[in-house]
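One-letter residues, chain by chain:
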Amino acid sequence: MPEPADHTIIIGGGVIGLSVAYHLGKLGAERVLLLERNELTGGTSWHAAGIVGPLRASRHLTALAEYAVELFPALEAETGQALGYKTTGGFFLAQRPERLIELRRLQAIGEMHGLRTEMMTPAQVAARFACIHTRDLAGALWVEKDGQINPVDLCMAYAKGAKAAGVEIREHAGVAELVVNRKRPHRRRVEAVVLDTGERIDCATVVNCAGLWAREVANLAAVAAPLQAVEHCYAVTEPVPELPQPFPVVRDLDSGIYLKEDVGRLVFGAFEAGAKVWHHHGVDPRQSFLTLEDDMEHAAPMMAAAINRIPALRTAGLQRFMTGPESFTPDTLPLIGRAPEADNFFVAAGFNSTGILSSAGVGKALADWIVRGAPRADMTETDIARFDALDNDAAFLAARSPEAVHNQFAMHWPFKQFQTGRGRRRSVWHAQLADAGAVFGEVGGWERPLWFAQPGEARSIDPSHARQNWWPCAEREAKMLARSGALFDLSPFAKWSVCGADAARVLQNLCSNDIAVEPGGVVHTLMLNADAGIEAELTVTRLSAQRFLLVSAAANRARDRRWIARHLPASCDVAVTDVTGQFAVAGLMGPASRECMAHLFAEGAACFSDEAFPFARSKPLDFRGADIRASRLSFAGELGWELYIPVEVAPDFYAHLARAMAAFDVGHAGLFCLDACRLEKGYPHWGDDMGPRDSPLQANLMSAVKLRKAEFIGRQALLAHQQRRPDRQLLLFEVQAERPLLLRDEPVYRDGRPVGATTSGGLGFRTGKALSFASIRADGLSRAQLLGASYEISIAGERFGLRPLETAPYDPQGKKMKGAAGGRRGA
C-alpha cells in the first residue's frame, strides 16, 4: 500500500478513473487524489451508450465484467444516486450459420458464469420481440442479464462514494508534467505530478485513466500506452410508439450495429469497417464534451442496417445524431495494469467502447493491485505489458485502429490474423524463410512462420470453425520432425543478459529452481509471486560464475522485464540487459539434428554425443571465428539444440545450415507444428494454461521448483500450499472425437457436473490424438482420484468424452530427448 506521506494520484475523471477512486476508498486507501483536467465525465463517458453486457469473449473477461451486475444496484443503494440501471436482457444476432457456432462457444462461457443464456431460432426471437425483423437471421443468443445504465449518473455515484470514503476530487486540474526518478534504470518511478498551474504534488502511485488522452499522459512518463481514437457515431430517434418494455439490447453482429432503448426512443450505433481515424492535433485540451462533425454518408450503412433490423425505424424521426471520439487498442483489448517502464505507474484505458460496463471490475482489480500488490482477478489478457514501445508508433496505430474497430463485431474466426500494421518485427532470416514457403502470422508483434506451404498449398488461413486448412501442412512437418528433423525459427525469444557479482544471489531469490549450477548448465525454472502464483516461466543458462542468460517466450518480454526489474535489490552489483535483438535463434530438432550439428561445426561428431553434450547443457561453438552458443533443449520433445547466433553472422550461418538440412532430410516447421508437439509432451504454456493465480502445485510444475534451496519469492506460500490439496488441477486430456477444433474456454464436466474449462488444445499429429489442457476443480480429490474420474467436454454445444492422461502421450519417459525434465520452455 502507498506510504501515507504521498498521494495516490488518479489522472482522469471519467467512469474508469472514478471507479478506481471509489474502490480505493472502499479499501481504505489514504490520500487518494483524482485530477480531472476539465469537468467530470467531460471526455467520452458522457456520450457512452450505457450498455451493460456481462458476457465477453473469454472466461477471464467475463469474470471481470459480471461484477458490474452485482455492483450497480448496490452502488445505487449506497449513494442514493439514481443510475437508471435496469436488466433488459439482450440478443446476439447471427445472420450466418458460422456465426451460430461462434455464439454457441460464447454461450458456454455464459453458462459457466451463471448468466442464463439461451440459443434461439429466428421464430423464437420473433415470438418474443415482434418488432425485430428475423427473416434474414440464422439464429440468436439470448443473455438474460444484459442491461443498461445512465453513464453520467453512474459517474456521479462513483464520485459520491469515493468522496464519502475520503477521496479528494479536483476538477480543472490539468497535468502538465510527470517527474520521473531515473536513478535506478530498472526501477524508474514517478515521483511527482506537476499541474498546469505549476503546482507539484508528490506521489506514491499514479493511475492513468485519461481515456482519449491516456497515450499522451503515458508519454510524459516514457510509458507505451498504444491507443488511437476514431470517430464513433450513434443516432437517437424520436419516441417510437409501442416499443416492448423492457426493450432488449440488440447486437446485430453481422451488420456491425447495436441498438438499445432510451426512454421510449431507440439508440443505435456501429462498429463499422473503415472507421475514420481521429487526431487531436489542434484541439483545445480544455474543451469538454467534445463532439465532431457528423458524416451522414459514412453513417448511411449503419442507418440502413438499423432500419432493416427494426422496421419501425422507417417512420421514426431522428432526435439527435452524435459523433464523438472513442479510443481503441491494436488488439481490441483494454490496457490495464502496472506499466513495465515505471514501477509505480498504472494504466486503465483503451476500453474499445466498453468502458461503462468495464468500470466496475477494472476499478476493483486496480484498487486491489495498488493496495494489496496484486489483483485478485486474472488480468493476463488485458495486461498493458503485452505491448512495448514499437506498438506505440503513431503510424502503426493509425493503420491498425480501423480494423480494430470492426473487429468488435466481425467474425472471430479461430487463429484469425490482423491484416493491417504487419511486418514490424522480423527475424534476420525472414526472406529466406519466405522463400522456403513460410506462411507468417503475427505472434507477440513478430512475423513468425505458422507453417510452410509447398507449391499449390494454402498460404493463408481459411476461416473455419471445423477442419483447418493448415492441418495437413502442420501434420507433414510434425511427422518429418519425428522421422528426420525440422528447423524452427525461435529468434523472437525474449533474451536477457544478467551479469555482476550479485547476479547469482539475485536470481536465486527470483527463481523457484536452483540456478547454482556449473557454467554451461541450463535450468528450467519459474518465477513466483508472494502467493506462489506463476509470474514467469523461463530457462536460465549459467555462462560463467557471474554471467547468466535468461530466455522466455517472445510475447512475455515486457512483462518479464517488469517482474525482474521490480525485484532487483536497491543496491546490488547486477546489470540486466535485453539482448533479444542481438541473436537469431535456430531450433534444430529431430533424430538427424546430431548429424547436422557435426556438419555445421568444426568440433566434430564426438562433441555432440550424449556423453559429451548431455541434455540441459550449453556450450560455445566456433563458426568461422564467431561464437555460437548451443544449448541442448527441446520444446518439441525430440533430440535437439537451440543455437544462439550473433545477428551479424546469422545470414551466412543460415546458408551453411540449409546445406546441412538438405543433406540429412531436415525441413522447416512452423509454430502450429511446435504447439501440437508441446501438447503431446504435456507442456503447459504460460498465459494460457498457467499464470499468476496458479501455483506450481496446481499447474503440475513442481519439477521446476527446488524447495530445499534457500529462500526465494513464493517459497513460504508454496510450503503452506503443500499442506493441503490444491483446489484446482491442470490436467491433460485426450478428447474422444474425430479431429475436433479445440481452442480454449470449452466447458469440462466430471460425472455430469461442470468442474472447469479448457485452457488450450489442438491436434497431436505424431500421436493422432486430440488433446486439451483443462483447469478443473479438485473438490478435495487426490490427483489419482481426478485421473480416475469420468469427464466430458462441450465443444460448440456438442459433448464428447474426455480421457485424462497421467503421462504425456508422446515419449513419456523422454528417451528421444534424453530426459525432458528441466528443459522445456514456451515459444
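Along each chain, residues carry numbers from 1 onward, in the same order as the chain's sequence is written. With the structure being a predicted model, the display of local features is reserved for residues of pLDDT at least 70 and the display and counting of side-chain atom pairs for 80 or more, all residues being used for whole-chain, interface and lining totals. Hydrogen atoms and water are omitted, and side-chain values are computed over all heavy atoms in the structure.

**Some details on the overall build of the protein**
Argument step 1. By the criteria applied, helices consist of DSSP H or I runs no shorter than four residues and strands consist of E runs no shorter than two, each listed in order from the N terminus. Of the regular secondary structure elements, the protein holds 18 helices and 39 strands.
Argument step 2. Atoms counted for the radius of gyration: C-alpha only. Globule rule: 2.2 Å times residue count to the power 0.38. Here the protein has a C-alpha radius of gyration of 27 Å; the compact-globule value for 827 residues is 28 Å, and the two agree.
Argument step 3. Considering only C-alpha atoms, the protein reaches an extent of 85 × 60 × 55 Å along its principal axes.
Argument step 4. The buried label applies to any residue whose accessible area, calculated with a 1.4 Å probe on protein chains only, is under 20% of its type's maximum; exposed applies above 50%, and partly exposed to all values in between. A buried classification covers 61% of the 827 residues belonging to the protein.
Argument step 5. In this analysis, two residues are considered to be in contact whenever any of their non-hydrogen atoms come within 4.5 Å of each other. Taking the intrachain contacts of the protein between residues at least 6 apart in sequence as the baseline, contacts between residues at least 24 apart amount to 72%.
Argument step 6. Calculation of accessible area relied on Shrake-Rupley with a 1.4 Å probe; when residues are assessed, cover is drawn exclusively from the protein chains displayed. Total accessible area on the protein is roughly 30200 Å²; 51% of this is exposed by carbon and sulfur atoms.

**Some thoughts on the nonpolar core**
Argument step 1. Definition used in this section: a nonpolar core is a set of buried Ala, Val, Leu, Ile, Met, Phe, Trp, Tyr and Cys residues joined via side-chain atoms within 4.5 Å. In this structure, Trp451, Phe488, Val735, Ile776 and Tyr791 are the most contacted members of the largest nonpolar core, which totals 56 residues.
Argument step 2. When near neighbours in sequence (up to four residues on either side) are disregarded, isoleucine 776 contacts Asp727, Arg728, Gln729, Leu731, Phe733, Val748, Arg750, Val755, Gly756, Leu786 and Tyr791.
Argument step 3. Of all hydrophobic cores here, the second largest spans 48 residues; its members include Tyr85, Ile169, Val207 and Phe346.

**Description of the sheet that holds strand β32 (residues 640-646)**
Argument step 1. Taking strand neighbours across the sheet as the criterion, the 6 strands line up as β30-β31-β32-β29-β23-β33 in an open arrangement whose pairing is mixed. Taken across any chain shown, the strands that pair with only one partner, and hence form the sheet edges, are β30 (618-623) and β33 (667-668).
Argument step 2. Packed on one face of the sheet, helix α15 (residues 650-663) meets β23 (486-489), β29 (583-589), β30, β31 (626-631), β32 and β33 and runs near 150 degrees to β32. By this definition, two strands are paired if DSSP reports at least two bridges between them. Helix axes are fitted to C-alpha atoms over the stretch in contact, other axes to C-alpha atoms as well, and angles between N-to-C directions run from 0 to 180 degrees.

**Digging into the pattern of salt bridges**
Argument step 1. Criterion for a salt bridge: a side-chain nitrogen of Lys or Arg within 4 Å of a carboxyl oxygen of Asp or Glu. Applying the stated criterion to the full structure yields 54 salt bridges.
Argument step 2. The partner of arginine 105 in a salt bridge is glutamate 746, with the nearest N and O atoms 3.0 Å apart. Of this pair, arginine 105 sits in helix α3 (residues 97-112) while glutamate 746 sits in the loop between β34 (728-736) and β35 (747-750), and the two are 641 residues apart along the sequence. With respect to burial, arginine 105 and glutamate 746 carry one shared label: buried.
Argument step 3. Between glutamate 199 and arginine 170 there is a salt bridge, with the nearest N and O atoms lying 2.9 Å from each other. Linking glutamate 199 in the loop between β11 (189-195) and β12 (200-208) with arginine 170 in strand β9 (residues 168-170), this pair joins segments that are 29 residues apart in sequence.
Argument step 4. For arginine 170, a relative accessible area of 23% translates into the label partly exposed.

**Points about the pairing of β11**
Argument step 1. Summarising burial for β11: 5 of the 7 residues are buried, a large majority.
Argument step 2. The pairing of strand β10 (residues 175-181) with β11 spans 6 bridges and is antiparallel. By the bridge assignment for β11, glutamate 177 is matched with valine 194.
Argument step 3. Across 3 bridges, the pairing between β11 and β12 is antiparallel.

**What to know about the pairing of strand β21 (residues 438-443)**
Argument step 1. Of all 6 residues in β21, 5 are buried; the element is thus mostly enclosed.
Argument step 2. As judged from the 6 bridges shared by β21 and strand β22 (residues 446-452), these two strands associate in the antiparallel manner. In the strand pairing of β22, phenylalanine 440 is matched with proline 449.
Argument step 3. In textbook terms, the turn of a hairpin is the stretch between consecutive antiparallel strands, and for β21 and β22 this stretch comprises 2 residues, one of which, glycine 444, has a positive phi near 60 degrees.

**Thoughts on the side chain of serine 775**
Argument step 1. Of note, serine 775 is situated in strand β37 (residues 769-777).
Argument step 2. Overall, the relative accessible area of 17% leaves serine 775 in the buried class.
Argument step 3. Not counting residues within four places of it along the chain, the set of residues in contact with serine 775 comprises Arg728, Gln729, Leu730, Val755, Gly756, Ala757 and Thr759.

**Section: the packing of aromatic side chains**
Argument step 1. Between rings of Phe, Tyr and Trp, where Trp is taken as its six-membered ring, a pair exists when centres lie within 6.5 Å; planes separated by under 30 degrees are stacked, by over 60 edge-to-face, and by other angles tilted. According to the stated counting rule, one finds 24 aromatic pairs in the structure shown.
Argument step 2. Geometrically, the ring pair formed by tryptophan 451 and phenylalanine 672 is stacked, given 6.0 Å between the ring centres and 15 degrees between the ring planes. Remark: phenylalanine 672 occurs in helix α16 (residues 671-680) and tryptophan 451 occurs in strand β22; sequence separation between them is 221 residues. An identical accessibility class is assigned to tryptophan 451 and phenylalanine 672; each is buried.
Argument step 3. A ring pair is formed by phenylalanine 601 and phenylalanine 608, whose centres lie 6.3 Å apart and whose planes are at 45 degrees; its orientation type is tilted. For the pair phenylalanine 601 and phenylalanine 608, one class covers both residues: buried.
Argument step 4. Through a chain of ring-to-ring contacts, three or more aromatic side chains come together here, namely Phe601, Phe608, Phe613, Phe623, Trp641 and Phe653.

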